[in-house]
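# Secondary and tertiary structure notes
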Amino acid sequence: MDGIRSLSAAAHAQGHPFVSMEAVTGFGNMQLNWADVITEVTQNYSNGINHVILHGSPYNKTWNGFTSDWPGWQAFGNNFAGTYSYRQIYWPDVTTISHYMARSQSILRNGKPQIDLIFVGQGEGNRYQGLLDKGYSYHVASEALLSMENLFVDNARLMPDRAAYKALIVDTNQIHNEAEHLAPDGKSLGPEGVAKTLAFIEANAKKGVALHQSSLESIISLAKNGLPIVFINFDGAKIDLPENERVKLKNTLFSLDNVVNIDTASELLPVLSHLSVSPEAQYEEEQLESTLYVDAETSSRYYYLYNNTHPTNKGMLKVGQSKKYHTGEATTASIKLTGKGLPYFLDLWTGNITPITDFTKAEENVALDVTLFGGESVVVALLTGGDIPSVEQTGDLANAIKGDWRFKQRSEIFDNKTPLSDAQWTLTLHSYGPAEGSENSQSAFVEGYPLVQPLLKDPSKHKVTRIDLGKVELGRWADISLTAEQQQLLGVNAMSEVSGIGVYSTTMTLDEVKPDSLLMFSSLQDQITEVKVNGVSFSDINVIAGVVDITSALQQGDNSIEIKLVSGLFNRSLASGASVFTATPRQINGKSPIDYGLTEVTLVVP
């Protein structure tokens, strides 16, 4: 999103190492799943954020007991997500996503970003999507960038010690200065005049936008030092100069071979080609984004690739919106990466470093195919010198040199599928509910202050009840019938009121074991945190792709499969009458059960 790209531009222009953001602030306490969280975090990473702060980790109770019954006090009375603490059923497995974020941020912080283009203007969404689809990366900055003291060009790069932009693009249709936020008499309209301010901006935008003389003089200096410059609609720009001075500056600008004016942004691609400004990653793939990070000491190059299948998102994802990103099957893109190193795949989920063998190497670039699911990111590194890992670091080299499945042609990956959804599955349920009773209660929290509600010593403590549900069909938990005895044991009226862990088990028979055997799965508003094949655990689950390479655990003949599904606390909290649903102000968004359950499992053998 261009709003985040503008924050990133400002941070890098000032030389700040961190670009921080409070992340995942949408509605949905106790309802967001890992895919929702990682979808928004990954999009933030692709736009330039390198330090996310999840929102948030509240105390488990209040001093007077207000809304402090099970499963604990929820912060943010306006029901913004979320609650990242030990109360979550998934907490024993949380390192899956925390390690994913740590590995991602390690690359984004320790590498120096190399951004192809810097736009002067403002925008929202992905305003220049056509450039992203060809491999270009870009930042967006206000006109204030042009007045910075440390602005310099070396070897045709703007601020080469920072983001190293290859070209400056001045989109006069998107420049909005302070003048537009002032009333005609020059006085601020103030907060109470927001509607008037917006109307004033819209009216002035039609007249043309302001571009200052000092900005044009700065641009001329940059151009004379070798930086390619592109204006979009220069003649439509309102410049604070008399006409004769405006013409003089215009003539000076466009007398330079590396300064070009175009009418609309749709003309950018051929003009950039004319100016010999090419992206570090080259491809033709809609919604694919790439950003290059370079190790300043070794010159190894790390490409962060992101399949942004829902680019209209403006942040604050809602519950279940990760499903919009994970649409259809994966996309395979043919990519040419600039650099001389050897290609490796850095798996952000497992930490594995795998040599890529299916590639074509030229003197200045490496060409390869890469498969990404919707909303997924991968890092492809061109490693040099001491950065090239040893056999010990890459693990089983005999397996590694076969090449990871995602670097093969898509037709080689997904043509041979064996559905397992109709197999005989059994379900063992671990139901989570309130741990009440005298041993978990207290009479007061702060002496002298009465409680407004009964208070638990630890309202986030759970009572876990195990029950074998026997044979089940894959689908919603709500569609599973409970006997009266099971209802009494679990303390619920139906499976739609259950929160907890479901362990699904089945057996499949194989005539032979083939390389790159993948287990693909889909579930509802929950998360798969572990897959076991013949007792071998795969716990670093890529929750965006919903796929695990299980080749190493397979054997000829019968193979046991277990899939661990973990729900949120919402449904049981709702059924138990938790005060967060009735308090004023109400602390939870939504009052209807959400769907949990494993819905589909497929074995894919390329």
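Summary of the structure given here. Since this is a predicted model, take the numbers as computed values, not measurements. (Residues numbered from 1 in each chain as written. Predicted model: local features only at pLDDT ≥ 70, side-chain atom pairs only at ≥ 80, totals over all residues. Heavy atoms only, no water.)

### Some details on the overall build of the chain
For the chain, the count of helices and strands is 14 helices and 33 strands. Taking all 606 residues of the chain together, the buried fraction comes to 55%. Counted over contacts in the chain with a minimum sequence separation of 6, partners at least 24 positions apart contribute 77%. Split by element, the accessible area of the chain, about 26,100 Å² in all, is 50% carbon and sulfur. (Helix = DSSP H or I, 4+ residues; strand = E, 2+ residues; numbered from the N terminus. Buried < 20%, exposed > 50% of the residue type's maximum accessible area, 1.4 Å probe, protein only. Contact = heavy atoms within 4.5 Å. Areas by Shrake-Rupley, 256 points an atom, 1.4 Å probe, with all protein chains shown as cover.)

### Topic: the nonpolar core
Counting residues in hydrophobic clusters, the biggest one holds 89 residues, and the most contacted among them are Trp477, Tyr504, Val531 and Ile563. If one sorts the elements of this core by residue count, helix 2 (residues 34–47) sits on top with 6 residues. (Core = buried A, V, L, I, M, F, W, Y, C linked by side-chain atoms within 4.5 Å.)

### Brief notes about the sheet that holds strand 31 (residues 547–549)
In a beta sheet, neighbouring strands are held together by backbone hydrogen bonds and run either parallel or antiparallel to one another. Strands sit in the order 22-33-28-31 across an open sheet of 4 strands; the sheet is antiparallel. Each of the sheet's edge strands pairs with one partner strand only, and the pair in question is strand 22 (417–419) and strand 31. The average angle at which neighbouring strand axes cross in this sheet is 25°, direction not considered. Relative to strand 33 (residues 598–604), strand 28 (residues 518–523) runs antiparallel, the two sharing 6 bridges. Directly across from Met520, in strand 33, lies its bridge partner Thr602. (Pairing = 2+ DSSP bridges. Axes fitted to C-alpha atoms, helices over the stretch in contact; angles between N-to-C directions.)

### Focus on a nonpolar patch on the surface
On the surface, Trp63, Phe445 and Tyr449 cluster together into a nonpolar patch covering about 340 Å² of accessible area. Its location among the elements puts Phe445 in the loop between strand 24 (441–442) and strand 25 (455–456). (Patch = residues over 30% accessible without salt bridge, like charges linked within 9 Å, V, L, I, M, F, W, Y side chains within 5 Å. Salt bridge = Lys/Arg side-chain N within 4 Å of Asp/Glu carboxyl O.)

### Comments concerning the side chain of Asn571
Note that Asn571 resides in helix 14 (residues 570–575). Residue classification places Asn571 among the buried positions, given a relative accessible area of 3%. At 3.2 Å, the side chain of Asn571 and the backbone oxygen of Ser496 are in polar contact. Not counting the four nearest positions on each side in its chain, Asn571 is found in contact with Ser496, Glu497, Val498, Ser499, Pro593, Ile594 and Tyr596. (Polar contact = N/O pair within 3.5 Å; in protein donor to acceptor, adjacent residues only side chain to side chain.)

### Digging into the packing of helix 6 (residues 213–224) against helix 7 (residues 243–254)
In the contact formed by helix 6 and helix 7, the axes pass within 10 Å of each other and the chain directions differ by 20°. Taken together, the axes of helix 6 and helix 7 lie roughly parallel to each other. In this structure, helix 6 crosses over helix 7, and the sense of that crossing is left-handed. Listed contacts from helix 7 to Gln213, Leu216, Glu217, Ile219 and Ile220 of helix 6 are Leu249, Thr252 and Leu253. (Parallel < 35°, antiparallel > 145°, perpendicular 65-115°, else oblique. Left-handed = near helix turned anticlockwise from the far one by under 90°.)

### Side note on the packing of helix 2 against helix 3 (residues 95–110)
At a minimum axis distance of 11 Å, the contact between helix 2 and helix 3 shows a crossing angle of 5°. By the criterion of interaxial angle, the relationship of helix 2 to helix 3 is roughly parallel. Between helix 2 and helix 3, the residues in contact are Trp34, Ile38, Val41, Thr42 and Tyr45 and Thr96, Ile97, Tyr100, Met101, Ser104, Gln105 and Leu108, respectively. Residue composition of the contact of helix 2 with helix 3, by class: 8 nonpolar, 4 polar and no charged. (Nonpolar A, V, L, I, M, F, W, Y, C, P; charged D, E, K, R; others polar.)

### Comments concerning the environment of Lys514
Along the chain, Lys514 turns up in the loop between strand 27 (500–510) and strand 28. For the pair formed by Lys514 and Ser552, sequence separation is 38 residues and the distance between their alpha carbons is 9.9 Å. Once you skip the residues sitting within four places of it in the chain, Lys514 turns out to touch Asn416, Thr551 and Val605.

### Observations regarding the pattern of salt bridges
Summed over the entire model, instances satisfying the criterion amount to 15 salt bridges. A salt bridge links Arg5 to Asp2, with the shortest nitrogen-to-oxygen separation between them at 2.9 Å. You can see Arg5 and its partner Asp2 sitting in helix 1 (residues 2–13), 3 residues apart, about one turn around the helix. Owing to a relative accessible area of 3%, Arg5 belongs among the buried residues under this scheme. Residue classification places Asp2 among the buried residues on the basis of a relative accessible area of 1%. Close ionic contact of Lys166 with Glu280 constitutes a salt bridge, the shortest N to O distance being 3.2 Å. Highlighted residues: Lys166 in the loop between strand 7 (157–158) and strand 8 (167–171) and Glu280 in the loop between helix 8 (268–274) and strand 13 (281–282), separated in sequence by 114 residues.

### Some words on the pairing of strand 14 (residues 288–294)
Across the 7 residues that make up strand 14, a large majority, 7, are buried. Covered by surrounding structure in strand 14 are Leu288, Ser290, Leu292 and Val294 together with Glu289, Thr291 and Tyr293, the residues of both alternating faces. Direction of pairing for strand 3 (residues 112–114) relative to strand 14: antiparallel, over a ladder of 3 bridges. Among the inter-strand pairings, Gln114 is bridged to a residue of strand 14, identified as Leu292. Counting the residues in the hairpin turn of strand 14 and strand 15 (residues 301–307) gives 6 residues, including Ser299, whose phi is positive at 70°.

### Section: the environment of Leu168
Position of Leu168 among the secondary structure elements: in strand 8. By relative accessible area, which is 0% here, Leu168 ends up buried. Considering only alpha carbons, one finds Leu168 and Ile118, 50 residues apart in sequence, at a separation of 5.1 Å. Setting aside residues up to four positions removed in sequence, Leu168 forms contacts with Ile118, Val120, Leu146, Ile219, Leu222, Leu227, Pro228, Ile229 and Val230.

### Looking at the pairing of strand 4 (residues 117–120)
Of the two faces of strand 4, the one lined by Leu117 and Phe119 and the one lined by Ile118 and Val120 are each fully buried. Summarising the sheet, strand 4 and strand 5 (residues 138–141) pair through 4 bridges and their orientation is parallel. Its bridge partner being in strand 5, Leu117 is matched across the sheet by Tyr138.

### Some thoughts on the packing of aromatic side chains
Applying the stated criterion across every chain, the model contains 11 aromatic pairs. Ring geometry for Phe231 against Phe254: centres 5.8 Å apart, planes inclined by 65°, an arrangement best described as edge-to-face. Residue Phe231 is found in strand 10 (residues 229–232), and its partner Phe254 is found in helix 7; the two are separated by 23 residues along the sequence. Judged by its relative accessible area of 0%, Phe231 falls in the buried class. (Phe/Tyr/Trp six-rings, centres within 6.5 Å; stacked < 30°, edge-to-face > 60°.)

### Re unusual backbone geometry
For the peptide bond that leads from His55 to Gly56, omega is 0°, which places it in the cis range. Structurally, Gly56 can be placed in the loop between strand 2 (51–54) and helix 3. Phi at Met30 is positive, roughly 65°, even though this residue is not glycine. Inspection of the secondary structure assignment puts Met30 in the loop between strand 1 (20–23) and helix 2.

### Notes on the sheet that holds strand 19 (residues 359–361)
A sheet is described by the order of its strands in space; here 4 strands give the open sequence 13-16-20-19, paired in antiparallel fashion. On the outer flanks of this sheet lie strand 13 and strand 19, each paired with one strand and no other. Sheet analysis places strand 13 next to strand 16 (residues 331–338), joined by 2 bridges and oriented antiparallel. In the sheet register, Ala281 faces strand 16, and the bridge partner there is Leu337.

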